[in-house]
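Here is how the chains run, residue by residue.
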Amino acid sequence: ELAGLDRKPIRDLRGNHSMSEPLEPRDIPEQASVVEWFHGLKQRDPVWARAFGLYATYGIRPGELWTLDISRLNQNKYHELIVRANKTNSTRVTYPYPVEWFDLFELAQFEVPTNTATTARGRGYIPTRQFKRLGVEVECYTLRHFHAIQLILGGIDSATAAKWMGHSQLMF
C-alpha cells in the first residue's frame, strides 16, 4: 500500500511511455500534402483512402476507426461522427474540420475497412501500416495532431476542440 492506497489499480493506469526515451518532434504536414496523399491513396485503395481522409478530417485516434457509429454521418449538414467508448471510456460526437474536406475526401461513401486484429493495441497499428503499404509514410497520430492544429488555426476554441478530440480542455 502507498498512502493507504492499493497499488494494483494505480499500476493498471500506467501507460507504455518511458521517460528514458527521448521524444521526437512530429513533422506535421501541410494541407496540400494531406490532399495529395489522399489522391494517391484513392488510386490504390479507395476504402483506405477514405479512412485516411477521415483521420485527417475528424482527428480520431488510430484504433477508433473500428468504434465509430457512422449512422449520422450523412443525416444532416453537420456530418456528425460518433466515436463510441474508447481510450477514455466515453462516447463523443465530433465534426469535420475543415468541413469542405468531408466532400473532398468523399466521406459520404466512407466504409469501415476490414479489421483482423484481435486486440485494441493491434487495431491501433493497422491504419498506419496500411498507409505505409500503400505508399504514404504518415502515422495516424500525426494526422491527429495535424487535425488539432487545423482546429486551433481555424478559430475553434480550445474547449470545443478538446471535446471533439476526446480530451479534457487541459490538453490544449
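Here goes a summary of the coordinates provided. (Residues numbered from 1 in each chain as written. Predicted model: local features only at pLDDT ≥ 70, side-chain atom pairs only at ≥ 80, totals over all residues. Heavy atoms only, no water.)

### Quick notes on the packing of aromatic side chains
Piece 1. By the definition in use, this model includes 9 aromatic pairs.
Piece 2. Arranged with centres 6.4 Å apart and planes meeting at 65 degrees, the rings of Trp 48 and Trp 66 form a pair that is edge-to-face. Here Trp 48 is found in helix H3 (residues 46-58), whereas its partner Trp 66 is found in the loop between H3 and strand E1 (68-69), with 18 residues between them in sequence.
Piece 3. By relative accessible area, Trp 48 is classed as buried at 6%.
Piece 4. A relative accessible area of 17% places Trp 66 in the buried class.
Piece 5. Where Trp 101 meets Phe 105, the ring centres are 4.9 Å apart and the plane angle is 65 degrees; that geometry is what we call edge-to-face.
Piece 6. One aromatic cluster is present, formed by Trp 37, Trp 48, Phe 52, Tyr 55, Trp 66 and Phe 131 through successive ring pairs. (Phe/Tyr/Trp six-rings, centres within 6.5 Å; stacked < 30°, edge-to-face > 60°. Helix = DSSP H or I, 4+ residues; strand = E, 2+ residues; numbered from the N terminus. Buried < 20%, exposed > 50% of the residue type's maximum accessible area, 1.4 Å probe, protein only.)

### Quick look at the pattern of salt bridges
Piece 1. As enumerated under the stated definition, the model contains 6 salt bridges in all.
Piece 2. In this structure, Arg 61 and Glu 64 form a salt bridge, with 2.8 Å as the shortest nitrogen-oxygen distance. Note on accessibility: Arg 61 and Glu 64 belong to one class, buried.
Piece 3. Three or more residues joined by partner-sharing salt bridges are found here, namely Lys 42, Arg 50 and Glu 106. (Salt bridge = Lys/Arg side-chain N within 4 Å of Asp/Glu carboxyl O.)

### Describing the sheet that holds strand E3 (residues 92-94)
Piece 1. The 3 strands are arranged E1-E2-E3 in an open sheet whose pairing can be described as antiparallel. In this open sheet, the two edge strands, each paired with only one partner strand, are E1 and E3.
Piece 2. In this structure, strand E2 (residues 81-83) lies alongside E3, joined through 3 bridges in antiparallel fashion. Its bridge partner being in E3, Ile 82 is matched across the sheet by Val 93. (Pairing = 2+ DSSP bridges.)

### As for the nonpolar core
Piece 1. Among the nonpolar cores identified, the biggest contains 31 residues, and Phe 52, Leu 54, Ile 60, Leu 65 and Phe 131 are the most heavily contacted of them.
Piece 2. For this core, the elements supplying multiple residues, two or more each, are helix H2 (31-44), H3, E2, helix H4 (100-104), helix H5 (120-133) and helix H6 (140-153).
Piece 3. Among the elements that line this core, the one with the most residues is H3, at 8 residues.
Piece 4. Ala 148, Ile 156, Ala 161 and Met 165 belong to the second largest nonpolar core, which has 6 residues in total. (Core = buried A, V, L, I, M, F, W, Y, C linked by side-chain atoms within 4.5 Å.)

### Examining H6
One turn of an α-helix holds 3.6 residues; hence residues three or four places apart share an orientation.
Piece 1. Counted at 1.5 Å a residue, the expected span for H6 with its 14 residues is 20 Å, and the 20 Å between its end C-alpha atoms agrees.
Piece 2. Listed in full, the buried residues belonging to H6 are Cys 140, Thr 142, Leu 143, Arg 144, Phe 146, His 147, Ala 148, Gln 150 and Leu 151.
Piece 3. Structurally, H6 contributes buried residues whose contacts are with H2, H3, E3, H4, H5 and helix H7 (158-165).
Piece 4. Remark: Gly 155 follows H6 within two positions and exhibits a positive phi of approximately 90 degrees. (Expected span 1.5 Å × (residues − 1). Contact = heavy atoms within 4.5 Å.)

### Description of a nonpolar patch on the surface
Piece 1. Among the surface-exposed residues, Ile 28, Ile 149 and Leu 153 lie close enough to one another that they form a single nonpolar patch of about 260 Å² accessible area.
Piece 2. Relative to the elements of secondary structure, Ile 149 occurs in helix H6. (Patch = residues over 30% accessible without salt bridge, like charges linked within 9 Å, V, L, I, M, F, W, Y side chains within 5 Å. Areas by Shrake-Rupley, 256 points an atom, 1.4 Å probe, with all protein chains shown as cover.)

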